[in-house]
Each structure stands twice: as structure tokens, then as C-alpha cells.
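One-letter residues, chain by chain:
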Amino acid sequence: MDSISVSRRDVLKALTMGVTAGSVLRVIPAQAADMAHRMVQAEKAATPDRAYKPKFFSQHQYKTLEALCEAIIPADGKVGGAIEAGAPEFIDLLTSENADYQLRLGGGMMWLDATCTGRYGNTYLECDVEQKKQILDLIAYRKNGRADPSLNQGIGFFSFLRNLTADGYFTSEIGIKDLGYVGNSYLRDFPGCPPLPQT
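So, how was this worked out
- Residues numbered from 1 in each chain as written.
- Predicted model: local features only at pLDDT ≥ 70, side-chain atom pairs only at ≥ 80, totals over all residues.
- Heavy atoms only, no water.
- pLDDT = per-residue confidence, 0-100.
- Contact = heavy atoms within 4.5 Å.
- Phe/Tyr/Trp six-rings, centres within 6.5 Å; stacked < 30°, edge-to-face > 60°.
- Helix = DSSP H or I, 4+ residues; strand = E, 2+ residues; numbered from the N terminus.
- Buried < 20%, exposed > 50% of the residue type's maximum accessible area, 1.4 Å probe, protein only.
- Lys NZ or Arg CZ within 6 Å of the ring centre and 35° of its normal.
- Axes fitted to C-alpha atoms, helices over the stretch in contact; angles between N-to-C directions.
- Parallel < 35°, antiparallel > 145°, perpendicular 65-115°, else oblique.

Participant: What am I meant to see in the confidence of the model for the protein here?
Facilitator: Any residue range with low pLDDT should be treated as having predicted coordinates unsuitable for detailed reading. Here the protein averages 84 in pLDDT, and 81% of its residues register 70 or above. The low-confidence segment residues 18–22 (pLDDT under 50) makes seven contacts with residues lying over four places distant or belonging to another chain.

Encoded structure:
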């Protein structure tokens, strides 16, 4: 194994180590997330069609992942959403190196498809817009799990996926631009805090 693949694996393991609750960014430095985005971009640039080939998810699961990421952070016409920011690629790359992610995300997608098939007769991707909205509204809120414990696996899955999608988005070039972050820079003068609005 060459040094590039070893360092790539080390970066990916560092990104996914010890994350069981909450956002990846609570555990890893943003520089490591940036490196993962760069890995994906370099891989896409090396293919003739500039397409990303999923490392963990099947084609069906990857299309489901893209649809869910788009639902979580849709494009707004300003800077782009989760798809344009590369969040699905980021999530797949991290999942390929972490058994816990594989269990949580792979299992969650199986749960989602099985639940949609039971309720609507179709997998999530084959559901119509209203059915997709209904199922996401059910698993988007923890309170729904108290009323219907059969939703708890889906709620945990969707919460985890939301965090990863946000991490993939806000560590990307598009997400940083959306935040308006300009980086570390010095000010010649500090004008102080803006005045409080009069009430």
C-alpha cells in the first residue's frame, strides 16, 4: 500500500473515530473534513465523466441518500444545496471507513424502504412527493417516537443523517460561502459592537 492511500485511510478514520452522537464537527477538525472533500474532488476529476462512484452504498441506496440530502438542505438558487456541495459523496466516503456508520445508515435506509413499502407500497424513491413528505415529517421529530415507538429507528437514522448532511454541506466550499465566512483576517480598527436596536 502506498503512502497516499495510507494517509487517505488515516484521514478518513480520524474523521469517523468516536462519533456516535451528534455532529461530526464536534469531534473532528474542519481541516480534516476539507481534506475529505478534496479527496472526492480529486477522484471525480480523475474519471472521464467526472462522476463519483459510491464506496459503500449500492446504487439504489446512494440515490436514496442523494434524495434525502436534497430534502435536508435543498438548493435555494443562491449558492446550491447539499447535492451541489457534495454532501452525499462526503457521507459515502466516511461511511466506507466506519462500521458504525455502515450499520446506522445502511440499516436506516433498509428501515426507510421497508416502512415506505409497508405504508405506500413503494420504496422511498418510488413514493410520490406527498408520501415522501409524510414519512420525513414522521421521522424528523423525536416526539413522534413517543407516540409510535416503531418510528424510533427511523428517527435515530434521520437525525444522524441530518447531522452528517449539515457537516458535509458546511465544510464544503459552497457551505462556507453560504455562511459568509471570510477566514481569519485582521482589522485595522475595531469599530466595536453595533448599537442595540431601540425597543
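Participant: Just to check I follow, could you spell out the packing of aromatic side chains for this structure?
Facilitator: Centre distance and the angle of the planes are the two values used to describe a pair of aromatic rings. Under the defined criterion, the tally for this structure stands at four aromatic pairs. Between Y52 and Y62, the ring centres sit 5.9 Å apart and the planes meet at 35°, which makes this aromatic pair tilted. Of this pair, Y52 sits in the loop between helix 2 (30–45) and helix 3 (59–72) while Y62 sits in helix 3; the two residues are 10 residues apart in sequence, bridging distant segments of the chain. Both residues of the pair, Y52 and Y62, belong to the buried class. Seen in terms of ring centroids, F56 and F57 are 5.0 Å apart; in terms of plane orientation they differ by 75°. Their pairing is edge-to-face. Over the ring of F160 we find R104, and its NZ or CZ is 3.9 Å from the ring centre.

Participant: Which parts of the structure should I look at to understand the packing of helix 3 against helix 6 (residues 99–120)?
Facilitator: Between two packed helices, the angle of one axis relative to the other and the distance separating the axes together describe the packing. Relative orientation of the contacting elements helix 3 and helix 6 amounts to 85°, with a least axis distance of 11 Å. The angle between helix 3 and helix 6 falls in the class roughly perpendicular. Contact with helix 3, carried on its side by H60, Q61, T64, L65 and L68, involves G106, M109, L112 and D113 of helix 6 and no other residues of that element.

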